Amino acid sequence: MSANAPITQDLITIPRVLPDGPDNLVGMTRAAMRDALIKIGTPEKQAKMRVNQIWQWIYHWGARDFGEMTNLSKDLRAQMAEHFVIALPEVVTRQISDDGTRKYLVKIAGGHEVEVVYIPETDRGTLCISSQVGCTLTCSFCHTGTQTLVRNLTPAEIVGQIMVARDDLGEWPEAGLSTADQGPRLLSNIVLMGMGEPLYNFEAVRDAMLIAMDGEGISLSRRRITLSTSGVVPEIARTAEEIGCMLAVSFHATTDEVRDTLVPINKKWNIATLLEALRAYPKASNSERITFEYVMLKGVNDSDEDARRLVQLIKGIPAKINLIPFNEWPGAPYERSSGNRIKAFSDIVHNAGYSSPVRKPRGEDIMAACGQLKSETERARKSRKEIAADAGL
């Protein structure tokens, strides 16, 4: 490690030193890639064109070897191989659920691990990606929240999850074809609902999503990307302005008293403050509506009174409410609401004019369902008793 190696400061976490060695082109913005090429001797007048070519090779064709980039000179390819790498997270394990859900455990720099989940459906394929190793929010119903925050992911580690899944699905276009020519996309949607709070890692998430939305690469519409936040109010407006994707909110309660327990960030930005920020979001981002995520917990937040209060709280906000049957995990302090109770809650919301689908649990047999994600090394490190103790049982 050289004495001059750059230091990055992760929000809330301790500083970490970036490793020496070739720079990873994955995760670079177009401007950063242009600067990197100029630094190794590419003439400034050519740099923008070269970025366009390299960008397409990496993000449209899925190239991993500079030798594949045949519209670049041999000298430039050799020079790039000397100074750069195209590096993705390493897949440690891949599990496939009985329902077709795929869960990947991927390893990143420092030996840390995060989980990524691909959910196939008849009309779409959704990839649930992580933004942090662990999480700082300690939401009491979430398994990931029992794992403390280790660090934020880099843009390369975030967009790399998408590329790893496309590798596994074999979805890079064949030579001479566009993505659209391949037929319906297997990976058509992204949700930032994996490990971590995306808005506590805003810049990295923004850069990664702008890469995913770039029309000359992965080319996903902003309406195909949904960022889920627990309510980091100051960053909600920035999300509208700088990303413009769809927004989902981990709401889960209709009173501050209950939400303070379920989603402790509520103690900093309460329901009224959060809703004020959300009312401005659809207009600012041109998004159609905000998704309110509501996990159904037996005897905690699932009463008819809660349903009616929820309808009143979100009045005037273009919204849909995703009702999520609680996905249990070892030592969990809650139980799933009954099917009849969930239906009664859903009917009240629906009759008030809001879409209220009940999310079908996916991948429960491989612990890939909502709220169950946790790196295998951390899961293996703790016994069932220790996990229960962390949850306050």
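Whatever comes next refers back to the structure up there.
The text that follows walks through the structure, step by step, so that each part is easy to find. (Residues numbered from 1 in each chain as written. Predicted model: local features only at pLDDT ≥ 70, side-chain atom pairs only at ≥ 80, totals over all residues. Heavy atoms only, no water.)

**What to know about the pairing of strand E11 (residues 189-192)**
Put simply, the test is: Burial classification: accessible surface area is computed with a 1.4 Å probe over protein chains only, and a residue below 20% of its type maximum counts as buried, one above 50% as exposed, and the rest as partly exposed. What counts as a helix is a DSSP run of H or I of at least four residues, what counts as a strand is a run of E of at least two, and both are numbered from the N terminus. Whether two strands pair comes down to DSSP finding at least two bridges between them. With the strands aimed away from the viewer, a crossover counts as right-handed if its path from the first strand over the helix to the second runs clockwise.
Side-chain alternation along E11 places Asn189 and Val191 on one buried face and Ile190 and Leu192 on a second face that is also buried. Sheet topology note: the E11/strand E12 (residues 225-229) ladder contains three bridges and is parallel. Directly across from Val191, in E12, lies its bridge partner Thr226. One crossover worth recording links E11 to the parallel E12 by way of helix H5 (residues 202-213), and it is right-handed.

**Quick word on the side chain of Asn301**
Which entries qualify depends on this criterion: Contacts described as polar in this section are N or O atom pairs within 3.5 Å, which, within protein, must combine one atom able to donate a hydrogen with one able to accept it, while residues neighboring in sequence count only if both atoms come from side chains. By definition, residues are in contact when any of their heavy atoms lie within 4.5 Å.
Mapping Asn301 onto the fold places it in the loop between strand E14 (290-296) and helix H9 (304-313). By relative accessible area, which is 1% here, Asn301 ends up buried. Side-chain polar atoms of Asn301 contact the backbone oxygen of Val295, separated by 2.8 Å. Among the polar contacts listed, one links the side chain of Asn301 to the backbone nitrogen of Leu297, at a separation of 3.0 Å. Apart from residues no more than four positions distant in its own chain, Asn301 is found in contact with His252, Leu262, Tyr294, Val295, Met296, Asp306 and Phe345.

**A short note on the environment of Val26**
Summarising the element assignment, Val26 is placed in the loop between strand E3 (23-24) and helix H1 (30-39). Judged by its relative accessible area of 2%, Val26 falls in the buried class. It is 9.8 Å that separates the C-alpha atoms of Val26 and Met163, two residues lying 137 residues apart in sequence. Every residue in contact with Val26, bar those within four places of it in the chain, is listed here: Ile58, Tyr59, Ile86, Ala87, Leu88, Ala156, Val159 and Met163.

**Side note on the sheet that holds strand E15 (residues 319-325)**
To be explicit about the condition: Working convention: axes come from line fits to C-alpha atoms, limited for helices to the stretch in contact. Angles between N-to-C directions cover 0 to 180 degrees.
Taken together, nine strands build an open sheet; the order of strands is E5-E6-E7-E8-E11-E12-E13-E14-E15 and the sheet is mixed. This sheet does not close on itself; its edge strands, each paired only once, are strand E5 (90-96) and E15. With strand direction ignored, the average angle separating the axes of adjacent strands in the sheet is 20°. In this fold H5 packs onto E11 and E12, with an angle of close to 165° to the strand it touches most, E12.

**A closer look at the packing of H1 against helix H2 (residues 44-59)**
Just so we agree on the cut-off: Under this scheme an angle from 65 to 115 degrees is roughly perpendicular, one under 35 degrees roughly parallel, and one over 145 degrees roughly antiparallel; angles in between are oblique. Crossing handedness follows the turn of the near helix against the far one: under a right angle anticlockwise gives a left-handed crossing, and clockwise gives a right-handed one. Put simply, Ala, Val, Leu, Ile, Met, Phe, Trp, Tyr, Cys and Pro go in the nonpolar bin, Asp, Glu, Lys and Arg in the charged bin, and everything else, Gly too, in the polar bin.
Where H1 contacts H2, the axes come no closer than 9 Å and their chain directions differ by 125°. Considering their axes alone, H1 and H2 lie oblique with respect to each other. Here the hand of the crossing between H1 and H2 comes out right-handed. Facing H1, whose interface residues are Arg30, Met33, Arg34, Leu37 and Ile38, H2 presents Glu44, Ala47, Arg50, Val51, Asn52, Ile54 and Trp55. Residues belonging to the contact of H1 with H2 are distributed by class as follows: seven nonpolar, one polar and four charged.

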